[in-house]
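Given next are the chains, with one letter for each unit.
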Amino acid sequence: MRNTWLIIRREYVERVRTRSFLVLTLLLPAIMTALMALPAKLASMGEKAQHLVIVASNQQFAEAVRHELLAAPPGDEDEDADSSEKAATPKPGDQYIIDVDTNATESERTVLLDKINSLAIDGYLWLSNDAISSGKVSWYGREAAGFREKTWLSDAVHRVTLQQQFSEKGLPPAQVEQILTPVKVETIRIEHGREAKGSGTARILEIVVMVMLIYMAVLFYGISVMRSVLEEKNSRIMEVLLSSASSTELMAGKLLGVGAVGLTQILAWIIMAGLFALPTLAAQPNLSDLQVSPWVLVAFAIFFLLGYLLYSTMYATIGAITTTEQEGQQVQFLIVIPLVLSVFMLTPVFRAPDSAAVVWMSLIPFFAPILMYARIVVQTPPLWQIVLSILVLIATEAGLLIFCARIYRIGVLIYGKRATLPEILKWLKYAKA
Amino acid sequence: MQSPVITSLEVAPKPEIPATVELSHIQKSYGDFVAVSDLSLRIRAGGIYGLLGPNGAGKTSTIRMIIGIIMPDSGQVSVFGEPLSPAHRDQFGYLPEERGLYRKMKVLDQLVLLGGLKGLTTAEATKKAQHWCERFELSAWMGKKIEELSKGMQQKVQFIGAILHDPKLIIMDEPFAGLDPANAVGLKDVLLELAKSGKTILLSTHRMDQVERLCQSICLINHGRAVLEGDLTEVKARYGRTNVQIKYEGDAAFLQEKGLVRSFNDYGNYVEVRLVPGADAQDLLRLASSHARLNKFEVMEPSLEEIFIDVVGKSNA
């Protein structure tokens with residue numbers, strides 16, 4: 001135990017002291033913030049310049065469409081949106097300038113095309129009487145309209161057309177409004193027999209954060225463990241260490257030491273996120289109702305730690321089997337496969353969290369960290385399944401640790417070439433006792 | 001009919017120095033390759049014991065089995081009179097042939113870690129590390145990273161790491177390799193001091209001159225077997241005085257006399273001749289003086305190197 005502690009301390013202190021640790025800890029959040037903030041900034045810059053023209057022979061019709069467009073700008077149709085969120089969005093007039101043009105002639109068309117070319121306007125909506133009665137109107141723009149914009153435009157035109165038709169049939173405007181009010185479906189999740197707050201978006205976010213963290217931790221620190229095992233083998237210090245401590249003590253110390261470094265870094269990131277990012281995120285309408293239950297947090301901690309340890313142990317094993325970093329890099333894709341498969345399996349978890357395939361997959365230790373956690377977030381599975389997956393994870397880690405420690409110890413005998421599978425099996429036999 | 005008295009006398013243990021290491025019939029193979037085969041040896045407490053052998057003879061495997069890094073397939077390893085167990089690790093100091101330290105770690109931190117793994121507290125390890133660094137003129141380098149040190153300095157650090165915790169059994173695999181003559185002398189002095197203070201030192205090398213000067217007992221292994229074991233003086237006496245060193249000018253034809261000369265080695269300044277077993281050195285003297293002008297003619301006991309080459313040659317045959 002004392003030896004393990006000494007190794008943990010060495011791995012931790014030597015790593016945290018390095019400049020690269022400090023740089024990564026500070027720089028990554030900065031890069032992430034920039035990556036997240038930049039697209040939004042760019043998008044909002046683009047939105048401000050939107051200048052459209054509605055061309056229609058019927059001025060009343062054009063004005064009605066303009067009114068509809070300004071009342072519900074694109075991007076506001078989110079199914080989770082409720083009335084309180086609408087207030088938070090900026091006034092549509094800020095994003096769109098919409099002019100009405102009643103001169104629906106071919107010569108006007110040329111003028112408008114010139115305007116588009118000279119960047120005076122961004123596009124025009126052609127609503128000649130012919131076009132409306134044919135049921136197909138066209139948008140001419142510098143950029144083809146995206147899905148949201150297309151829906152926005154056609155919804156507005158459709159609504160106004162309906163309004164007009166209803167009015168022609170003699171219905172009072174109030175009744176028309178009533179008929180045209182869409183029905184909204186609200187989704188409510190039941191957790192522990194009670195209605196739970198937390199939208200689908202929030203749940204996806206809870207899972208994505210886990211996947212991202214495991215992925216990053218495994219990629220940064222798994223490789224770090226592998227490198228450090230290789231370094232000890234190549235620098236031959238392993239032989240000195242083995243004369244002082246057992247290989248299992250050394251391996252456990254290394255994994256926990258490097259693991260602690262990773263956790264320190266992630267903790268630092270979480271604290272930074274809490275200080276800077278959360279206030280901004282909380283202001284986002286879609287996430288304002290984000291509430292994570294303490295249960296999910298506990299599950300997160302357990303499965304993150306176990307997953308992180310499992311994958312680091314796999315990296316350590318690769319370090320023990322291979323002889324150079326290049327070789328290690330070649331083999332390490334094997335470790336990423338179960339991670340990627342876990343991510344693919346997330347869709348079935350969402351669709352059918354109790355299906356046999358999902359249940360079994362989530363009990364396999366290599367998938368459990370992400371899948372069992374995802375199941376807990378989506379729909380709490382039976383307790384025995386959670387406990388079983390935790391036990392299987394711990395047992396797999398212990399077994400892998402002993403396996404890896406043996407190979408590490410025997411690796412002292414063989415330098416210079418990568419071990420083949422039969423050789424590894426043979427080594428294990430030598431390493432008994 | 002034997003009387004019970006005599007029986008008890010026969011069983012009574014002979015008074016002898018207790019063994020620090022005792023290997024009995026140890027065997028180790030890797031797949032088809034036999035690294036150590038039926039090796040038995042006994043290293044007495046105190047003094048320097050030389051483990052000799054050509055490359056690949058099984059020296060390192062033997063050492064690793066003594067320390068417990070690898071386990072013998074069969075046979076028994078005892079240290080300090082008890083079967084080897086992990087509890088003995090703290091009593092060993094090991095300088096492996098393949099040197100290795102954490103390159104990015106500072107000298108003092110590294111020594112404190114190595115001492116700590118051997119059971120020293122940080123304070124003890126620091127104090128001892130400072131003492132030894134002073135002794136080896138490394139004090140100015142204690143705060144430097146290992147990678148900033150020269151090869152020779154790294155080796156001294158590694159040596160300090162091996163003896164820092166005051167182990168009872170010190171195992172040195174080629175300790176002088178890579179050291180300049182001044183540092184080699186310094187290291188030799190420390191080893192002799194440690195041996196005098198009662199430590200047992202196992203010195204594995206193929207540098208015969210060092211073994212000849214330092215060791216009291218030796219074991220020569222080849223192909224994983226002990227081919228020669230015992231006190232150095234005893235081993236040499238067994239080989240007799242069959243060597244002649246000759247400095248001459250003129251005709252060297254006498255060296256071709258098959259009746260007297262078994263082999264010779266021309267070192268340039270002088271020739272070392274091995275006589276045919278049973279041949280008289282005086283006959284060679286007469287023959288040589290009749291052909292050439294002799295400046296020196298000395299009958300000597302064989303060097304360990306010759307014994308080594310002879311024994312290894314025989315056991316390979």
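Residues numbered from 1 in each chain as written. Chains lettered and ligands numbered in written order. Predicted model: local features only at pLDDT ≥ 70, side-chain atom pairs only at ≥ 80, totals over all residues.

J.: In this structure, what is going on with the overall build of chain B? I would like to understand it.
T.: Regarding its fold elements, chain B presents 10 helices and 14 strands. Residue burial in chain B is summarised as follows: out of 317 residues, 38% are buried. Excluding contacts between residues fewer than 6 apart, the proportion of contacts in chain B whose partners are at least 24 apart in sequence is 70%. (Helix = DSSP H or I, 4+ residues; strand = E, 2+ residues; numbered from the N terminus. Buried ≥ 20, exposed ≤ 12 C-beta atoms within 10 Å, placed from the backbone. Contact = placed C-beta atoms within 7 Å.)

J.: How do you make sense of the overall build of chain A when you look at a structure like this?
T.: In terms of regular secondary structure, chain A is built from 20 helices and six strands. In chain A, which comprises 433 residues, the proportion classed as buried is 31%. For chain A, the proportion of contacts with a sequence separation of at least 24, taken over those separated by at least 6, is 77%.

J.: I would appreciate a short explanation of the interface of chain A and chain B in the present structure.
T.: Often the size quoted for an interface is simply the accessible area lost on bringing the parts together. On the side of chain B, 24 residues touch chain A, which itself brings 20 residues to the contact. Those elements giving two or more residues to the side of chain A that touches chain B turn out to be α1 (2–16), α11 (237–242) and α20 (421–430) of chain A. The dominant element in the side of chain A that touches chain B, judged by the number of residues it contributes, is α11(A), at five residues. Tallied by class, residues from the side of chain A that touches chain B come to 10 nonpolar, five polar and five charged. (Nonpolar A, V, L, I, M, F, W, Y, C, P; charged D, E, K, R; others polar.)

J.: In this structure, what is going on with the nonpolar core? I would like to understand it.
T.: In summary, soluble globular proteins display a tendency toward joint burial of nonpolar side chains. Formed by 133 residues in total, the largest nonpolar core has its most connected members in Ile171(B) and Leu203(B). The next biggest cluster of nonpolar side chains, apart from the first, holds 21 residues, and it includes Ile54(A), Val65(A), Leu69(A) and Ile121(A). (Core = buried A, V, L, I, M, F, W, Y, C linked by C-beta atoms within 7 Å.)

J.: Quick question: what am I supposed to make of helix α15 (residues 333–344) of chain A here?
T.: Residues and elements named next belong to chain A. Helix length check: α15, at 12 residues, gives a terminal C-alpha distance of 16 Å against a target of 16 Å (1.5 Å per residue), a fit within 8%. Listed as buried for α15 are Ile335, Leu339 and Ser342. Each buried residue of α15 lies within a common arc of 50° when the element is viewed along its axis, so the set occupies one face. When the buried face of α15 is taken as reference, the exposed residues oriented beyond 90 degrees from it are Phe333, Leu334, Ile337, Val340 and Phe344. (Expected span 1.5 Å × (residues − 1). Arc of directions from axis to C-beta.)

J.: What's the story with unusual backbone geometry in this structure? I'm lost.
T.: Most peptide bonds adopt trans geometry, and most residues besides glycine take a negative phi value. All names here are of chain B. In this model, Asp38 sits at a positive phi of 50°, which is unusual for a non-glycine residue. As for its placement among the helices and strands, Asp38 is situated in strand β2 (residues 33–44). Given 14 C-beta atoms within a 10 Å radius, Asp38 is considered partly exposed. Located in the positive-phi region is Phe80, a residue other than glycine, with phi close to 50°. Among the structural elements, Phe80 can be located in the loop between β4 (74–79) and β5 (82–83).

J.: What exactly am I supposed to notice about the environment of Ala217(A) here?
T.: All names here are of chain A. Within the secondary structure, Ala217 sits in helix α10 (residues 200–234). The exposure class assigned to Ala217 is buried, which follows from the 21 C-beta atoms found within 10 Å. For the pair formed by Ala217 and Tyr311, sequence separation is 94 residues and the distance between their alpha carbons is 9.4 Å. Non-local contacts of Ala217, meaning those with residues more than four positions away in its chain, are made with Gly262, Ile266 and Tyr308.

J.: Please explain the sheet that holds strand β3 (residues 47–52) of chain B as it appears in this structure.
T.: Sheets are built from strands paired through backbone hydrogen bonds, the pairs being either parallel or antiparallel. All names here are of chain B. If you trace the six strands from one edge of the open sheet to the other, you get β6-β7-β8-β3-β9-β10, paired in mixed fashion. Each of the sheet's edge strands pairs with one partner strand only, and the pair in question is β6 (92–95) and β10 (225–231). Across the sheet, the mean angle from the axis of one strand to that of its neighbour is 15°, orientation sign disregarded. Looking at chain direction, strand β7 (residues 169–173) and strand β8 (residues 200–205) are connected through five bridges and run parallel. Residue pairing for β8: Leu169 is matched across the bridge by Thr200. This element, helix α8 (residues 232–239), spans β9 (217–222) and β10 of the sheet and lies at about 105° to β10. (Pairing = 2+ DSSP bridges. Axes fitted to C-alpha atoms, helices over the stretch in contact; angles between N-to-C directions.)

J.: Could you clarify how one ought to interpret the packing of helix α13 (residues 294–321) of chain A against helix α18 (residues 368–378) of chain A in this entry?
T.: Helix-helix packing is described using two parameters, namely the angle between the two axes and the distance between the axes. Residue and element names in this part refer to chain A. Put simply, α13 and α18 touch, their axes get as near as 9 Å, and they point 170° apart. Judged by the angle between their axes, α13 and α18 are roughly antiparallel. Taken together, the residues of α18 that come into contact with α13 (itself represented by Val296, Ala299, Phe300, Phe303, Phe304, Leu306, Gly307 and Leu310) are Pro369, Ile370, Met372, Tyr373, Ile376 and Val377. Along the lines of polarity and charge, the residues of the contact of α13 with α18 split into 13 nonpolar, one polar and no charged. (Parallel < 35°, antiparallel > 145°, perpendicular 65-115°, else oblique.)

J.: Could you clarify how one ought to interpret the pairing of β8(B) in this entry?
T.: Successive residues of a regular strand alternate their side chains across the two faces of the sheet. Residue and element names in this part refer to chain B. Most of β8 is tucked away, with six of its six residues classed as buried. Pairing between β3 and β8: six bridges, direction parallel. Note on β8: the bridge partner recorded for Tyr49 is Leu202. Following the chain from β7 across helix α6 (residues 181–196) to the adjacent parallel β8, one finds a crossover that is right-handed. (Right-handed = clockwise from strand over helix to strand, strands pointing away.)

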